Amino acid sequence: MSEDAKSPRTRNIIENQLFRRQRSLKLEALQRQRSQHGTIDVIDDDEEAETFGKTYIVIIFTEKAKLRHCQDVEKIIQEFDIQTTLEIVSKTEKYLYLSASLDTLLRLADAAELEKMTTTGSMQKFNYGCVSDFLLPGMTQEQILHYCETPVLIKDVVEPAIRSYIQKGYIEDMFPLHDILYLDRFHFNLKRTTLPIEEIRNYFGSSIGLYFAFIEFYTKALIFPAVFGILQSLMNLNLSLVCSFYVVWTTIFLELWKRRCAGLSYRWGTIEMSSLDKPRAGYQGQLKPDPITGKMTLHYPMRYTYLQMYCISYPVVLGCVVAAAWFALYQFQIEAEVLADFGADSWLLYIPVIVQSMLIAIFSWAYEKLATFLTNLENHRTRSQYERHRVNKLMLFEIVNNFFSQFYIAFVLQDLKQLKYQLMMQLLIFQLVCIAQEIGIPLMAVLRQKYAKYRHKEIEPEKLRSISNKPRYEQAFYESGLDEYHSTYEDYLQVCIQFGYVVLFAAVAPFAAIGALINNVFAVHIDMFKLCNIFKRPFGRRAKNIGAWQLAFELLSVMSLLSNCGLLFLQPNVKQFFAHWLPSIPDLSFVIFEHLLLGLKFLIHKVIHERPRWVRIGLLKADYETSQALKQLKYEPQQSILI
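Owing to the predicted nature of the structure, the values given are computational and were not obtained by experimental measurement. (Residues numbered from 1 in each chain as written. Predicted model: local features only at pLDDT ≥ 70, side-chain atom pairs only at ≥ 80, totals over all residues. Heavy atoms only, no water.)

A. Focus on the overall build of the protein chain. For the protein chain, the count of helices and strands is 24 helices and eight strands. On the protein chain, roughly 33,200 Å² of surface is accessible, and the fraction owed to carbon and sulfur atoms is 61%. (Helix = DSSP H or I, 4+ residues; strand = E, 2+ residues; numbered from the N terminus. Areas by Shrake-Rupley, 256 points an atom, 1.4 Å probe, with all protein chains shown as cover.)

Set out below in structure tokens:
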């Protein structure tokens, strides 16, 4: 560690990894010793506290915070029956560790109305007075709550009470500590054919769990267009068959994912989440009684949100879309000038396409920041509403930014050879940028590994005297220097753009699906590595589906139907065929064929129910049990009166 207490906290990922590995080996040895002898006789006090105690959240105070501020925060938190340990290591290092007894956590779970599986097989809101109803065979009370739920339960009850101290700048950070032994379950394993989705959800929450479930489902689904792309290239398949295949594949893929998502969200107790759920952390407003529950909650007039959306956000978005389209068209002007000056065989013709592909990545990064800023100003109440409006802004821009030039080449210039070249070049650079983002930070950390042992220092004796639990302090110190993981927003965006490259012009790019498949096989493991090693452990977020990203994928699916049908009718032989059979209205044939495929898409959508039968039965069973319980409650007072 740093010898100077005033130096900034280390951001060295490898030091963090070395520390975690040492702690993991030590804890595993302690567990083996406990299992062999029944007791542990050779553990010092710090190790014993770390083994048997559990710290769920760490609060780090700023240098501005005085001792009385730290003690005031501690007293406020203790009022909620939360156990606290305050450690003042130095002027710049002040830690408050939060933990809670099982009884307190179960009471908080009751207040939060978490959905849990009952012994009857249905999902019901957890009831502290009927704990036995939620104890499945072989389950203990400690197993009722998952790893991702306990820190959130404490945070939700504590954060509003200490918000004034956060706003005044006394609290620097608040985050849950990683569980070192649990992280071993996510290590890369060549023998594992599927991701441990349930364990990912149990540790990181349903929002991150759904992302990894989706990326795994999508990657497996890419096998079919990858194989079809090889056949399309080798056998020169008819483009009408290609259009039909991608309509069927995209529709079945998205519908089956809805069923998969419904099954997961039902088991995780989030399927019945609604827009009336608790406000998101960044929501601002005035405290007023809730019209439904009567509790004091934040309220913000919707008219101000709509004014912000329609008078500021959407005009700005429209301006960005026009600018992105202008830059795409300007590229063709530059290409024409290069062609006129240097000829068709000059290597300089590659430069405009490469520059545009790089500008697309830069514009995407900048516009993502702008979309987030505008959505913050709109002040949406729930996380789902916030994400939906942010994704809507983003997709409108990204479709123009990434695909406008391809549409222009395909349907204005009508140059399929240039379209294929432009598409593959942009896809290649897009994948390279994604790979650079995915592995850049881990690679830099690996390059610094050989210097880590020289930078690692022992804790000074004067510091050690004020530390009650050395391993806990070391872990909090190292993890406080890691980056914060905000959301799955950027990950979904990359997958969504990749999906567009795969399906929008599949008629001329049969190998796009293969490239996407190979990229995703590695990207999913890199994402898991970053979550476990490069970021702080995030607070678990509840989600019932992938939100607005589902609509984004469905929009790209419909656009792919139109674009591939358009490419089909640009073929000379197709034009001649319909001009021969329908000489008066040849363009009507495009409309007829396109509507037939839309009808096929709609038919598949109706045939495949978005929720599996067992989920529908489970929801109906839960409603039935709830109604029966209400009847029983009404019946018992009447019986007592009669008696």
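B. Just empty space enclosed by the protein, in detail. The full count for this structure, using the stated rule, is one cavity of 30 Å³ or more. Roughly 40 Å³ of internal volume is contained in the largest cavity. Every residue lining the largest cavity is listed: Phe-186, Arg-192, Leu-195, Pro-196, His-525 and Met-528. In terms of residue class, the lining of the largest cavity is made up of four nonpolar, one polar and one charged. (1 Å grid on protein atoms, 1.4 Å probe; cavity = no way out; pocket = protein on both sides within 12 Å on 5 of 7 lines; lining within 4 Å. Points joined across faces, edges and corners; volume = space filled by probe spheres on them. Nonpolar A, V, L, I, M, F, W, Y, C, P; charged D, E, K, R; others polar.)

C. Structural detail: the UniProt feature "transmembrane region" (unreviewed entry) in the protein chain. Listed under "transmembrane region" (unreviewed entry) in the UniProt record, and renumbered for this structure, are residues 208–231, 237–257, 304–327, 347–367, 394–413, 425–447 and 546–569. The annotated region residues 237–257 carries 90% helix and 0% strand content, and the separation between its end C-alpha atoms amounts to 28 Å. The span residues 546–569 shows a helical share of 88% and a strand share of 0%, and its end C-alpha atoms are spaced 35 Å apart. (UniProt positions renumbered as here; feature names shortened; annotations may be inferred.)

D. Fine view of the side chain of Gln-422. Within the secondary structure, Gln-422 sits in helix 15 (residues 416–447). We classify Gln-422 as buried; its relative accessible area is 0%. A distance of 3.0 Å separates the side chain of Gln-422 from the side chain of Gln-426, its partner in a polar contact. (Buried < 20%, exposed > 50% of the residue type's maximum accessible area, 1.4 Å probe, protein only. Polar contact = N/O pair within 3.5 Å; in protein donor to acceptor, adjacent residues only side chain to side chain.)

E. Summary view of the packing of helix 19 (residues 489–503) against helix 20 (residues 512–533). Look at helix 19 against helix 20: their axes get within 10 Å of each other, and the N-to-C directions meet at 170°. In terms of orientation, helix 19 lies roughly antiparallel with respect to helix 20. Both helix 19 and helix 20 take part in a crossing whose hand is left-handed. Across from Asp-491, Gln-498, Tyr-501 and Val-502 in helix 19, the residues of helix 20 making contact are Ala-512, Ala-513, Ala-516, Asn-519, Asn-520 and Asp-527. The class makeup of the residues in the contact of helix 19 with helix 20 is five nonpolar, three polar and two charged. (Axes fitted to C-alpha atoms, helices over the stretch in contact; angles between N-to-C directions. Parallel < 35°, antiparallel > 145°, perpendicular 65-115°, else oblique. Left-handed = near helix turned anticlockwise from the far one by under 90°. Contact = heavy atoms within 4.5 Å.)

F. Here's a closer look at the pairing of strand 2 (residues 83–88). Pairing of strand 2 with strand 3 (residues 94–99) involves six bridges; the strand directions are antiparallel. Looking at the pairing, Ile-88 lines up with Lys-94 of strand 3. As consecutive antiparallel partners, strand 2 and strand 3 are separated by five residues. (Pairing = 2+ DSSP bridges.)

G. Spatial organisation of the environment of Leu-359. One can find Leu-359 in helix 13 (residues 350–378). Given a relative accessible area of 30%, Leu-359 falls into the partly exposed group. In this structure, the C-alpha to C-alpha distance between Leu-359 and Asn-401, residues 42 residues apart in sequence, is 9.3 Å.

H. Local environment of a nonpolar patch on the surface. A cluster of nonpolar side chains, namely Trp-326, Phe-327, Tyr-330, Ile-334, Trp-347, Tyr-350, Ile-351, Ile-354, Val-355, Met-358, Leu-359 and Ile-362, defines an oily patch on the protein surface of about 1,100 Å² accessible area. Looking at the nonpolar patch, the elements with two or more residues in it are helix 12 (302–342) and helix 13. The biggest single contributor to the nonpolar patch is helix 13, with seven residues. Structurally, Met-358 can be placed in helix 13. Note on Met-358: relative accessible area 48%, which makes it partly exposed. (Patch = residues over 30% accessible without salt bridge, like charges linked within 9 Å, V, L, I, M, F, W, Y side chains within 5 Å. Salt bridge = Lys/Arg side-chain N within 4 Å of Asp/Glu carboxyl O.)

I. How the structure looks around helix 12. Counted at 1.5 Å a residue, the expected span for helix 12 with its 41 residues is 60 Å, and the 58 Å between its end C-alpha atoms agrees. Bending of helix 12 peaks at approximately 35° at the position of Met-309. (Expected span 1.5 Å × (residues − 1). Bend = angle between axes of the 7 residues up to and from the residue.)

J. Local environment of the pattern of salt bridges. In the structure shown here, the tally under the stated rule is 15 salt bridges. For Glu-113, the salt bridge is made with Lys-125, and the minimal N-O distance between the two is 3.5 Å. Remark: Lys-125 occurs in strand 5 (residues 123–125) and Glu-113 occurs in the loop between helix 4 (102–112) and strand 4 (115–117); sequence separation between them is twelve residues. For Glu-378, the salt bridge identified is with Lys-393, shortest N-O distance 2.9 Å. Here Glu-378 is found in helix 13, whereas its partner Lys-393 is found in helix 14 (residues 383–413), with 15 residues between them in sequence. In terms of burial, Glu-378 and Lys-393 fall into one category: buried. Within this structure, Lys-116, Glu-149 and Arg-201 form a network of salt bridges that share partners.

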